[in-house]
Every structure is written in structure tokens, then in C-alpha cells.
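Per-entry structural report
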Amino acid sequence: RAKAAGGNRYEHADPEADVLAITRHGLTNSLPTALERGEFFIEYQPLVRLSDGTVHGAEALVRWCHPLRGVLGPDQFIPLAENTGLIVPLGRWVLGEAVRQARAWQFADGEGPLRVNVNLSPFQLRYPDLVRDTAEVLKEAGLEPTALCLEVTESALIGADETLLRPLRQLADLGVDIALDDFGTGYSNLSNLRRMPLSALKLDRSFTRGMQQDPADPVDLKIVEGVVALAHTLDLAVTVEGVETGAQAEHLRVLGCDTAQGWYYARPGPPDRLHALSLVDAS
Ligand code: C2E
Ligand code: MG
Ligand code: MG
Ligand code: MG
């Protein structure tokens, strides 16, 4: 799959194999100190409103610039960070950077409301200070909580027991949006959707792949139509990831999806590029 994805060197199909590879190459030793050595950086990928094509925010995606092995994608080191506990300080660092960046964008174009999405590992959800840390980071940066969206994967919420729902509710009470990431790939307990304090579903790109062909796969169209109806009934916005073609974007717009993200609009990149994009689109 890494090859088929064409040039996305971060794309990896098998995180477990990646962890093994990293261990074999001795990266386990260099991960714990990578944070203090400043080897992580964040790329941002715009989220585009389908109704009018404007940039309405961006997702923060972490990368590790390893001194010997070059740039590594999150699938190659997040599992390892989770196993070693580094995910908590790393996640806090990503959140802080992304929140400050969102504030900087807002200052720079004065228009706002540019928002930022940050991925949350289930290990962070189990960390008792998550809610307090998040509130603190927002306050320090001067970013309103409504400009932050935290993305949690469906599989991270398996069982959706109280230990995971409580911090999510507290975050939602702060005003932070919660999105269910990679929706449709994990264990979709639809009745749980009502219990979770969600504002959005992020539909996995596997559902939109069939819209790249011409004519679009009719089953994929029906599935997305159904998900949109379900989401809107529950008052949830629908974001679609992995939009690679204009035809796909048009289908998704017609089907009523709210926001899209993908290479068709922009690959993940440095923060200054996103700012330029949003200015162009807003004018
Ligand atoms: P995700 O949250 O589902 O992010 C979307 C992934 O799809 C990103 O991969 C992005 O680069 C890729 N993508 C975006 N548009 C397209 C497209 O049009 N076509 C294709 N084929 N791919 C596209 P990336 O950056 O490798 O991130 C992989 C996963 O790593 C993310 O999936 C997320 O779950 C996780 N991740 C990234 N940053 C963080 C982080 O700071 N913390 C945690 N816990 N996880 C992170
Ligand atoms: Mg995500
Ligand atoms: Mg996703
Ligand atoms: Mg995904």
C-alpha cells in the first residue's frame, strides 16, 4: 500500500511491522530523547468546507525527523510512543504547538475563525491530567476552546466505558469539539454514538475510494448518503478524509458532506503554507 499511495512516504499499512522494524533499527533508544532534542515537527493539512470551498481549519499531523533515518510518519512511531509512555508528553507537545499555531493564524489574517484538529491517542484519554492540561494550553495560548477539535479513533473507544467517556465529556464541556476519526473502519457501535459527546464524524477514506472511478461505485455513494443522513440526524457534521480528485469532492458535496480533507486540496505541509491557502480561498 505504501507504493500504491504514490509518494506519500508516511503511509504504512502495518503498524506492528513498523514497530518491529523500528526496534530492529535501534530506534527504541532514540525515541525517548527525541522530544527534548527537538526532532518532532508538525505538518498541517487544510480542512475545506465543501459548500463554498473555503479553508475552515487544519489537522495537525506529527512527524519525526530522525537524524539518521530521515522523516518518519506517525504510523512508524506512534505505536512505539504508546508502548513506552512517551505518547503523553509527545501528545501534550503536539497539542501545545497546534493550539499556538491556530492562534497565530487567527492573528495573521484577522478574520478567523481558523480552527485546528489534533489527534488524541487512547493512552492520552486514560491520562488523568489530560483535561486540565488541555484547558491550560488553551488558556496560555489565548485560543478559544471552540477553535480546537480533538480527533479520537473509533477503535480507541471500544466499549466506550465511563473511564473514556468522562474525560471526553469534560473536554466537550470546556467547549472543545470531539470528532470520531476513521469512522466506519472500527467497531461501529451505532448506539454508542448517542452517548458520546461528539460534534463530527470523520469518514474513513476507504468509503470514498470508489468515487475516484468513473462512474462512481453506486454502493459507496449509497453508504456515504446513509452515513450523512445518520450523522445529521444526530446533529453531527461529516468530514471526509482522503479526497484525491475533483470528481470525488463533487460527489461528496452533492451527498451533503460538510468538510473534506485530502491531496486534491493540499498535502500536509508547513503552517505558513496553510495560511497562504486560507487567504487565497477567502478572497
Ligand atoms: P488520520 O488522523 O486519519 O490522518 C489522516 C491521514 O491520511 C494522514 O496520514 C494524512 O497524511 C493522510 N492523508 C491525507 N489526505 C490524503 C489523501 O488524499 N490520500 C491519502 N492516501 N492519504 C491522505 P499520516 O500523516 O501518515 O497520519 C497517520 C495517522 O497517524 C493519523 O491518521 C493519525 O491517526 C495518526 N497521527 C498523526 N498525528 C498524530 C498525533 O499527533 N498524535 C496521535 N496520537 N496520532 C497522530
Ligand atoms: Mg485524524
Ligand atoms: Mg482520520
Ligand atoms: Mg485515517
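Residues numbered from 1 in each chain as written. Chains lettered and ligands numbered in written order. Predicted model: local features only at pLDDT ≥ 70, side-chain atom pairs only at ≥ 80, totals over all residues. Heavy atoms only, no water.

1. Considerations on the overall build of the chain
A tally of helices and strands in the chain yields eleven helices and nine strands. When burial is assessed residue by residue, the chain has 48% of its 283 residues classed as buried. By sequence separation, contacts in the chain at least 24 residues apart represent 68% of the contacts at least 6 residues apart. (Helix = DSSP H or I, 4+ residues; strand = E, 2+ residues; numbered from the N terminus. Buried < 20%, exposed > 50% of the residue type's maximum accessible area, 1.4 Å probe, protein only. Contact = heavy atoms within 4.5 Å.)

2. Things to note about the side chain of Arg-115
By the secondary structure assignment, Arg-115 is in strand β4 (residues 115-120). Excluding residues within four positions of it along the chain, Arg-115 makes contact with His-56, Gly-57, Ala-58, Thr-146, Ala-147, Leu-148, Cys-149 and Asp-177.

3. Remarks on the coordination of the magnesium ion (ligand 2)
The coordination sphere of the magnesium ion (ligand 2) contains the protein donors Glu-59 (OE), Asn-119 (OD1), Glu-151 (OE) and Asp-181 (OD), at a distance range of 1.9 to 2.2 Å. Read in sequence order, the donor residues coordinating the magnesium ion (ligand 2) give the pattern E-x59-N-x31-E-x29-D. (Donors = N, O, S within 2.8 Å, 3.2 Å for Na, K, Ca; no water.)

4. With respect to the nonpolar core
The biggest cluster of nonpolar side chains holds 73 residues, and the ones touching the most others in it are Phe-40, Leu-148, Leu-150, Leu-201 and Val-224. Here the element with the most residues in this core is helix α4 (residues 87-109); it accounts for nine residues. Excluding residues that lie within four positions of it along the chain, Leu-148 makes contacts with Leu-95, Val-99, Arg-115, Val-116, Val-118, Thr-134, Leu-138, Val-176 and Asp-177. (Core = buried A, V, L, I, M, F, W, Y, C linked by side-chain atoms within 4.5 Å.)

5. Here's the deal with the site of ligand 1
As a matter of local geometry, ligand 1 sits amid 23 residues, with Arg-63, Asn-119, Asp-181, Glu-244 and Trp-263 nearest to it. The contact in question runs from a nitrogen atom of ligand 1 to an N or O atom on the backbone of Val-62, over 3.3 Å. Here Glu-244 contributes a side-chain N or O atom positioned 2.5 Å from a nitrogen atom of ligand 1. For the shell around ligand 1, the elements supplying multiple residues, two or more each, are β2 (55-66), α3 (74-84) and β6 (177-183). At four residues, the largest contribution of residues to the shell around ligand 1 is made by β2. Each residue belonging to the shell around ligand 1 can be placed in one class, and the counts come to nine nonpolar, five polar and nine charged. (Near = heavy atom within 4 Å. Polar contact = N/O pair within 3.5 Å; in protein donor to acceptor, adjacent residues only side chain to side chain. Nonpolar A, V, L, I, M, F, W, Y, C, P; charged D, E, K, R; others polar.)

6. Let's talk about the coordination of the magnesium ion (ligand 4)
Around the magnesium ion (ligand 4), the donor atoms from the protein are Asp-182 (OD) and Glu-241 (OE), and they sit 2.3 to 2.6 Å away. Separating the magnesium ion (ligand 4) from the magnesium ion (ligand 3) is a distance of 3.0 Å, and Asp-182 supplies a donor atom to each of them. Note that Asp-182 is positioned in strand β6 and Glu-241 in the loop between β8 (237-240) and α10 (246-254), a separation of 59 residues in sequence. Using a relative accessible area of 24% as the deciding quantity, one classes Asp-182 as partly exposed.

7. Considering the confidence of the model for the chain
Averaged over the chain, the pLDDT score is 86; the fraction of residues at 70 or greater is 84%. Between residues 1-9, whose pLDDT stays under 50, and residues either more than four places distant or in other chains, the model counts 15 contacts. What the predictor reports for the complex is a pTM of 0.90 with an ipTM of 0.97. (pLDDT = per-residue confidence, 0-100.)

8. Observations regarding helix α2 (residues 27-34)
Where α2 is concerned, the buried positions are Leu-27, Ser-30, Leu-31 and Ala-34. All buried residues of α2 project into a common sector of 115° when viewed along the axis, lining one side. (Arc of directions from axis to C-beta.)

9. Considerations on the environment of Pro-46
Inspection of the secondary structure puts Pro-46 in strand β1 (residues 40-49). Residue Pro-46 is classed as buried on the basis of its relative accessible area of 1%. Sequence-wise, Pro-46 and Pro-268 are 222 residues apart; in three dimensions their C-alpha atoms are separated by 7.6 Å.

10. Looking at the pattern of salt bridges
Scanning the entire structure with this criterion turns up 13 salt bridges. Glu-43 serves as the salt-bridge partner of Arg-63, at 2.7 Å between the closest nitrogen and oxygen. In this pair, Arg-63 sits in strand β2 while Glu-43 sits in strand β1, placing the two residues 20 residues apart along the sequence. Accessibility expressed as a relative area gives 4% for Arg-63, which makes it buried. Residue classification places Glu-43 among the buried positions, given a relative accessible area of 12%. (Salt bridge = Lys/Arg side-chain N within 4 Å of Asp/Glu carboxyl O.)

11. Digging into the state of the cysteines
Applying the stated criterion across every chain, the model contains zero disulfides. The cysteine Cys-149 is free of any disulfide, with Cys-257 supplying the nearest cysteine sulfur at 16 Å. A residue is classified by how much of its surface remains accessible, and Cys-149, at 5% relative accessible area, is buried. (Disulfide = S-S within 2.5 Å.)

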